[in-house]
Amino acid sequence: MTGLASALRVLAAAAATLLAVTATAPAAQAKPEPKAPEEFVALRSVDPTIIQEMRYPTAHNFMGMPVDGYRRPVCILTRPAARALHRAQTRLLKQGYSLKVYDCYRPQRAVDHFVRWAKDLDDETMKGEFYPRVDKTRLFADGYIAEKSGHSRGSTADLTLVKLPATPTGPYLPGQKPVPCYAPEADRFPDNSVDMGTGFDCFDTLSHTDDPRIQGTQRANRQFLKKTLTDAGFVNLAEEWWHYTFKPEPFPDTYFDFPVARRSVAGH
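Residues numbered from 1 in each chain as written. Predicted model: local features only at pLDDT ≥ 70, side-chain atom pairs only at ≥ 80, totals over all residues. Heavy atoms only, no water.

Colleague: Would you explain the state of the cysteines in this entry?
Modeller: Put plainly, a disulfide is one covalent bond tying together the sulfur atoms of two cysteines. Taken as a whole and judged by the stated rule, the model has two disulfides. The partner cysteine of C75 in its disulfide is C104, sulfur to sulfur 2.0 Å. Of note, the bridge from C75 to C104 carries an S-S torsion of about -100° and is left-handed in sense. Of this pair, C75 sits in the loop between β2 (51-52) and β3 (76-78) while C104 sits in the loop between β4 (97-103) and α4 (108-119), and the two are 29 residues apart along the sequence. With relative accessibility at 0%, the residue C75 sits in the buried group. One disulfide in the model links C181 with C202; its S-S distance is 2.0 Å. Across the S-S bond linking C181 and C202, the dihedral sits near 65°, which makes this disulfide right-handed. Within this pair, whereas C181 is found in the loop between β5 (156-163) and α6 (216-231), its partner C202 is found in the loop between β5 and α6, the two being separated by 21 residues in sequence. Like C202, C181 is buried. When the bonded cysteines of the protein are numbered from the N-terminus onward, they pair as 1-2, 3-4. (Disulfide = S-S within 2.5 Å. Helix = DSSP H or I, 4+ residues; strand = E, 2+ residues; numbered from the N terminus. Buried < 20%, exposed > 50% of the residue type's maximum accessible area, 1.4 Å probe, protein only.)

Colleague: What should I look at first to understand a negative patch on the surface in this one?
Modeller: A cluster of acidic side chains, namely D120, D122, E124 and D135, defines a negative patch on the protein surface. On the secondary structure map, D120 appears in the loop between α4 and α5 (127-130). Residue classification places D120 among the partly exposed positions, given a relative accessible area of 35%. (Patch = residues over 30% accessible without salt bridge, like charges linked within 9 Å, V, L, I, M, F, W, Y side chains within 5 Å. Areas by Shrake-Rupley, 256 points an atom, 1.4 Å probe, with all protein chains shown as cover. Salt bridge = Lys/Arg side-chain N within 4 Å of Asp/Glu carboxyl O. Lys, Arg positive; Asp, Glu negative; His and termini not counted. Charge placed at Lys NZ, Arg CZ, Asp CG, Glu CD.)

Colleague: I'm lost on the sheet that holds strand β7 (residues 243-246) in this one. Help?
Modeller: Adjacent strands of a sheet form backbone hydrogen bonds with each other and so pair up, either parallel or antiparallel. If you trace the five strands from one edge of the open sheet to the other, you get β2-β4-β5-β7-β6, paired in mixed fashion. Where the open sheet ends on each side, the last strands, each with one partner, are β2 and β6 (234-236). Inspection of the sheet shows β2 paired to β4 by two bridges, in the parallel sense. Paired with I51 across the strands is K100, a residue of β4. In the packing of helix α3 (residues 79-94) onto the sheet, the strands contacted are β4, β5, β6 and β7, and the crossing angle to β4 comes to about 145°. Packing of α6 onto the sheet brings it into contact with β4, β5, β6 and β7, and relative to β5 it is tilted by some 125°. (Pairing = 2+ DSSP bridges. Contact = heavy atoms within 4.5 Å. Axes fitted to C-alpha atoms, helices over the stretch in contact; angles between N-to-C directions.)

Colleague: Looking at this structure, I do not really get the pattern of salt bridges. What am I missing?
Modeller: What the rule picks out here adds up to 19 salt bridges. Residues D191 and R55 are paired through a salt bridge, measuring 3.2 Å at the closest nitrogen-oxygen approach. Taken as a pair, D191 in the loop between β5 and α6 and R55 in the loop between β2 and β3 lie far apart in primary sequence, 136 residues in all. Here R91 ties to D231 by a salt bridge, and the two come within 3.3 Å at their closest N and O atoms. With a gap of 140 residues between them, R91 in helix α3 and D231 in helix α6 connect regions that are remote in the sequence. Its relative accessible area of 40% is what places R91 among the partly exposed residues. When salt bridges with common partners are traced through the structure, they connect E33, R71, R109 and D257 into a single cluster.

Colleague: How do you make sense of unusual backbone geometry when you look at a structure like this?
Modeller: Working note: non-glycine residues mostly have negative phi, and peptide bonds are mostly trans. Cis geometry marks the peptide bond from L164 to P165, where omega comes out at 0°. Relative to the helices and strands, P165 is located in the loop between β5 and α6. Residue P248 is reached from K247 by a cis peptide bond, and omega for that bond is -5°. Of note, P248 is situated in the segment after β7.

These figures come from the coordinates and say nothing about function on their own.
Here is the structure:
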């Protein structure tokens, strides 16, 4: 036998041994993603008429990038909160309006992503639109970013009103010239909602629901949204006209971390 043939036989035997070991070794198991408790549902399964414009799976948000944990643009809520939104929507449709949600359940990993971004003082990509008058060093002190969010408990939604028939929201093009979120409605990002005086996630005191500088139609729109949702069992966060929590919460002390994905609530 030549030296080359002998070497090939040794290599073949080694390969066969390796193959046999691999075949008998236990398969590596990927860590399964946590799933939502049975009390969580996709909002669309309770009310498919509510408009969903989920911002955090996209680049059009205050960070300028998709947020960790948002696998799909789907609103997930606890069942009581979803049913309460359905009751509010039923009333609004009769008046020629629809609810529109920007964010619902938010996993803890997304909140952690917010915190990491807030600590990176060099990243101010979206400052011109979302926080033009706030120094990024103040985001924690002023309460715009926190290490825990009520959204992670599953009964909080960020939402607005749309006059029917709804026109499409304008497209967001990354890198486009930013316009302050408190600019006149005709100038800021072309959302299809009614005029609330600021855009969603505007880090500014003008976003306070009852800020006295917001008057006229803008104030009336905020109060219309607030009354409709209060009547359905929601409580507004005074610092954000868009932020509402259903009470009593099924999970008042639990911050979940399952991903925002349809499979998280599959079969619920």
